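One-letter residues, chain by chain:
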Amino acid sequence: VNLKGTFLMCQAFCEPKRLSSLLMGDGRLTSSGIASRQSKVGIGGSITNIGSIVSNYGNIGQVNYAASKGGVVGLTRSLAKEMASLSWKATSAGTDVEEEIVPPSLRVNCIQPGFIHTPMANAVPEHILSEMTRKIALRRLGRADDVANLALFLSSSERSGYVTGETFECSGMLRL
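Just so you know, these numbers come straight off a predicted model, no measurement behind them.

On to the environment of A121, then. Among the structural elements, A121 can be located in helix α5 (residues 119–122). Note on A121: relative accessible area 6%, which makes it buried. In this structure the C-alpha to C-alpha distance between A121 and L141, which are 20 residues apart in sequence, comes to 9.2 Å. Those residues within four positions of A121 in sequence are excluded, and the remaining contacts are I116 and L129.

Okay, here's the thing in C-alpha cells:
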C-alpha cells in the first residue's frame, strides 16, 4: 500500500492528456513531447507524496514500513526530474521566456510526517508515546493540520513554485 499506492496515484496523475492540459491548457504536446507554437499556457501542477520520518531513521519492528516509505522518497525525486524535464520541453519550445513570466511547471515533493495524532498513533501504548514525545524538540505530537498546511504550501505554485524534488520533515524535529 505505502509505495504501490503512491506509485499508482502518480501514474494516474501523469496520464499524458492530463499533463498536456496542465502545461498547455487546451493545447497538445507533439509526439516528441514538445508543445506546438499555437498552444495556450496551462496552469501547471503539483504532486505531494506522503512518506514517513521512519524511512530516514528506521524503527524497531518497522523494516518493511521504513523500506516502503524510503521508496516513496526515491519515487518523488525521480518523478520530479522527469516532470521538470517535461515542463521545460513543453513550455520552452520555440519561445523566448521572459524573466517576469514564470512558465507552468509540474512539481513533485514529499512530506515525511513524524508522530502525528492519528488513529495509528492512538494505538501506541502511552509509555511509548511519552518516550517519543521526549525525543521531539517541540515536545508534542503533531496535528493532522500541521501536515495539511505543509501540503497546501507545496501545492501552491505561487508560494512554492520553485520547489520540486524535495522532501520535508514535519516532525517537530524528532530524533529517533
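Applying the stated criterion to the full structure yields four salt bridges. R143 is the salt-bridge partner of D146, the closest N and O atoms lying 3.2 Å from each other. Salt bridges sharing common partners tie together R140, R143 and D146.

In this section: the sheet that holds strand β1 (residues 45–50). Reading across the sheet, the three strands line up as β1-β2-β3 and stay open at both edges, with parallel pairing between neighbours. Every interior strand has two partners, whereas the edge strands, β1 and β3 (167–170), have only one. On average, adjacent strands in this sheet sit at an angle of 25° to one another, irrespective of strand direction. Where strand β2 (residues 106–113) lies against β3, four bridges are found, and the strand directions are parallel. Opposite C110, over in β3, you have T167 as the bridge partner.

To continue, consider the packing of helix α1 (residues 2–13) against helix α4 (residues 63–92). The description of two helices packed together rests on the angle between their axes and the distance between the axes. The N-to-C vectors of α1 and α4 enclose an angle of 25°; their axes lie 8 Å apart at closest approach. Between α1 and α4, the angle is such that the two are roughly parallel. Contact with α1, carried on its side by N2, L3, T6, F7 and C10, involves Y65, S68, K69, G71, V72, L75 and L79 of α4 and no other residues of that element. Of the residues assigned to the contact of α1 with α4, the class counts are seven nonpolar, four polar and one charged.

Let's shift gears to the nonpolar core. In this structure, L79, M83 and L106 are the most contacted members of the largest nonpolar core, which totals 15 residues. Those elements that provide at least two residues to this core are α2 (16–24), α4 and β2. Discounting chain neighbours no more than four positions away, the residues touching L106 are L19, L22, L23, G44, G45, M83, A84, L86, S87 and T164.

Where α2 contacts α4, the two axes come as close as 10 Å, and the packing angle between them is 55°. Here α4 runs oblique to α2, going by the angle between their axes. Seen from above, α2 lies across α4 with right-handed handedness. In contact with L19, L23 and M24 of α2, α4 contributes M83, L86, S87, A90 and T91. A breakdown of the residues in the contact of α2 with α4 according to their chemical character gives six nonpolar, two polar and no charged.

We now examine the state of the cysteines. Taken as a whole and assessed by the stated rule, the structure comprises zero disulfides. Among the cysteines around C10, which has no disulfide bond, C14 carries the closest sulfur, lying 6.2 Å off. The structure places no disulfide on C110, whose sulfur is separated from the nearest cysteine sulfur, that of C10, by 9.7 Å.

Scoring rules and cut-offs
- Residues numbered from 1 in each chain as written.
- Predicted model: local features only at pLDDT ≥ 70, side-chain atom pairs only at ≥ 80, totals over all residues.
- Heavy atoms only, no water.
- Helix = DSSP H or I, 4+ residues; strand = E, 2+ residues; numbered from the N terminus.
- Buried < 20%, exposed > 50% of the residue type's maximum accessible area, 1.4 Å probe, protein only.
- Contact = heavy atoms within 4.5 Å.
- Salt bridge = Lys/Arg side-chain N within 4 Å of Asp/Glu carboxyl O.
- Pairing = 2+ DSSP bridges.
- Axes fitted to C-alpha atoms, helices over the stretch in contact; angles between N-to-C directions.
- Parallel < 35°, antiparallel > 145°, perpendicular 65-115°, else oblique.
- Nonpolar A, V, L, I, M, F, W, Y, C, P; charged D, E, K, R; others polar.
- Core = buried A, V, L, I, M, F, W, Y, C linked by side-chain atoms within 4.5 Å.
- Left-handed = near helix turned anticlockwise from the far one by under 90°.
- Disulfide = S-S within 2.5 Å.

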